[in-house]
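# Remarks on the overall topology
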Amino acid sequence: MNQEIIQRLKAQFPDSIEESDEFRDDLTLRVKTEDIVKVCNFLKNDHELAFDMIVDLCGVDMYRPEGRFEVVYNLYSLKKKKYLRLKILVDEDNPIVDTVSVVWSGANWHERETYDMYGIKFKGHPDLRRMYMPEDFEYFPLRKDFPLMGIPDSLPLPRK
Amino acid sequence: MGLGSLQHDGFMTTRLDKVINWARKNSLWPMPMGISCCAIEMMATAGPRFDISRFGSEVMRFTPRQCDVMIVAGTVTYKMAKVVRKIYDQMPEPKWVISMGACASSGGMFRSYPVVQGIDLFMPVDVFVAGCPPRPENLLRALLELQKKIEKERTIGKLVHGERIHIPETGATEGASTSA
Ligand code: SF4
């Protein structure tokens, strides 16, 4: 099954898949950042694969000079009963990726969460507001350079 | 103050403060500010096994305007702190606060950026309850401690000297019911 996924993708997008990794029958693909929407669209609408559900979408801060952030997409195909993981790299200076909420509307809140925690912006997202933190909060708490106890006075308390 | 003396003479003497406090402490209506796991133990306290109504506090009200004591049961985040404070401000005087559990009292195990490290940073607290979560007996004990505290309060003196009583400057009579 894993080989079939790779073959079908490679036939359609010869340059988009940069790396593939298999661990205990779970397939992880690294996709070119610009091509993510294209690939996702294909994965969802292809009749053989039919990855019709986005289980999760999250960010990772690898804290390295090149491609500091990753965005991870966990997909599931109800038809094939198969999980698939996609990863893309995001630069620190220009943390903008295209939204996949146009493909699966379930990605909407996951992308908002990723934006809230890592500051990765999703281009074309219908409503990119913060998810957990107050809307006037200026920092991104899950970045590795954010102190555990927060930035003093960045979250005001009510007057005593 | 026992009722025994009433049987013989039909009257008794006491201080007005005492009568008022006696009435207040035995009918504390809680505001159940249950915002995480501690709230489950608070519900258990209200249930038949522990039965908070033995101490006159079974009337949990979900509107702050009818409450006397706010039981903050759970983890208070910075985002939630504004809401907790707002509900506290909406409770009429006299009012008291029980901070239930490690989270509300000190941030508990959540020593991190979103959690307020103790609700006494933004509102007055009368009794702290230890535990994660505290057992219902512990909450009942806090209630009894609060009752002891209320017994000693000056009630009439405060009224006369204008202490603590807060009268809003405007709109005090606005919105009073004019129903037909
Ligand atoms: S003190 Fe423990 S039980 Fe209570 S809210 Fe915190 S974590 Fe939950």
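Residues numbered from 1 in each chain as written. Chains lettered and ligands numbered in written order. Predicted model: local features only at pLDDT ≥ 70, side-chain atom pairs only at ≥ 80, totals over all residues. Heavy atoms only, no water.

### Describing the interface of chain A and chain B
This is how the line gets drawn: In what follows, residue pairs with any heavy atoms lying within 4.5 Å of each other are defined as contacts. By convention, the term buried area covers the 1.4 Å-probe accessible surface removed from two parts as they join, with the contributions of both added. Salt bridge, as used here, is a side-chain nitrogen of Lys or Arg placed within 4 Å of a carboxyl oxygen of Asp or Glu. Here a polar contact means two N or O atoms within 3.5 Å. Within protein one must be a hydrogen donor candidate and the other an acceptor candidate, and residues neighboring in sequence count only if both atoms are side-chain atoms. All residues other than Ala, Val, Leu, Ile, Met, Phe, Trp, Tyr, Cys, Pro, Asp, Glu, Lys and Arg, Gly among them, are scored as polar; the first ten of these are nonpolar and the last four charged.
Of the residues lining the interface, 16 residues belong to chain A; the matching set on chain B comes to 14 residues. Summing both partners gives a buried area of about 1,300 Å² for chain A against chain B, and 71% of it is carried by carbon and sulfur. When the area that chain A buries against chain B is broken down by residue, the three leading residues are A:Met149, A:Leu157 and A:Lys160, summing to 40%. Summed over the shared surface of chain A and chain B, the result is 0 salt bridges. At the junction of chain A with chain B, the criterion picks out 2 residue pairs in polar contact (both at pLDDT 80 or more). Each residue belonging to the side of chain A that touches chain B can be placed in one class, and the counts come to 13 nonpolar, 1 polar and 2 charged.

### Focus: the side chain of A:Thr28
All names here are of chain A. Using the following cut-off: Put simply, DSSP H or I for four residues or longer makes a helix, DSSP E for two residues or longer makes a strand, and each gets a number counted from the N terminus.
With respect to the helices and strands, Thr 28 occurs in strand E2 (residues 26-31). At 2.9 Å, the side chain of Thr 28 and the side chain of Arg 85 are in polar contact. What Thr 28 contacts, discounting residues up to four positions off in sequence, is Glu 19, Ser 20, Asp 21, Arg 85 and Lys 87.

### Quick word on the packing of helix H3 (residues 38-46) of chain B against helix H6 (residues 136-151) of chain B
Residues and elements named next belong to chain B. Convention followed: Lines fitted to the C-alpha atoms define the axes, with helices restricted to the stretch that makes contact. Angles between their N-to-C directions range from 0 to 180 degrees. Any angle between 65 and 115 degrees counts as roughly perpendicular, while under 35 counts as roughly parallel, over 145 as roughly antiparallel, and the rest as oblique.
Between H3 and H6, the least distance of the axes is 9 Å, while the angle of their chain directions is 75°. Comparing the axis directions of H3 and H6 gives the class roughly perpendicular. Together, Glu 41, Met 42, Ala 44 and Thr 45 of H3 and Pro 136, Leu 139 and Leu 140 of H6 make up the contact between the two elements. Broken down by class, the residue content of the contact of H3 with H6 amounts to 5 nonpolar, 1 polar and 1 charged.

### Section: the sheet that holds strand E4 (residues 127-129) of chain B
All names here are of chain B. Cut-off, in case you're wondering: Pairing between strands is defined by DSSP: at least two bridges between them are needed.
Taken in spatial order, the 4 strands line up as E1-E2-E3-E4 in an open sheet, and their pairing is parallel. Of all strands in the sheet, those bounded by a partner on one side alone are strand E1 (30-34) and E4. Taking each pair of neighbouring strands and ignoring which way they run, the sheet shows an average axis angle of 15°. Here E1 pairs with strand E2 (residues 69-73) via 5 bridges, running parallel. Within the sheet, the bridge partner assigned to Gly 34 lies in E2 and is Ala 73.

### So, the nonpolar core
To be explicit about the condition: Nonpolar cores are built from buried Ala, Val, Leu, Ile, Met, Phe, Trp, Tyr and Cys residues. Side-chain atoms within 4.5 Å join them into one set. The buried label applies to any residue whose accessible area, calculated with a 1.4 Å probe on protein chains only, is under 20% of its type's maximum; exposed applies above 50%, and partly exposed to all values in between.
Counting residues in hydrophobic clusters, the biggest one holds 59 residues, and the most contacted among them are A:Tyr73, A:Leu86, A:Val100, B:Met70 and B:Val72. Among the elements that line this core, the one with the most residues is helix H2 (residues 36-45) of chain A, at 6 residues. Setting aside residues no more than four positions away along its own chain, B:Met70 makes contact with B:Met31, B:Met33, B:Val84, B:Ile87, B:Tyr88, B:Met91, B:Trp96, B:Val97, B:Ile98 and B:Met123. Counting 21 residues, the second-largest nonpolar core is a separate cluster that includes B:Cys38, B:Ala39, B:Ile52 and B:Ala142.

### Details of the sheet that holds strand E1 (residues 17-23) of chain A
Residue and element names in this part refer to chain A. Across the sheet, 5 strands lie side by side as E1-E2-E5-E4-E3; this open sheet has mixed pairing. Two strands bound the open sheet, and with one partner strand each, they are E1 and strand E3 (53-61). Ignoring strand direction, the axes of neighbouring strands in this sheet form an average angle of 20°. Looking at chain direction, E3 and strand E4 (residues 69-77) are connected through 8 bridges and run antiparallel. If you follow Asp 56 over to E4, its bridge partner there is Asn 74. The sheet strands contacting helix H1 (residues 2-12) are E1, E2 and strand E5 (82-90), and the helix crosses E2 at an angle near 20°.

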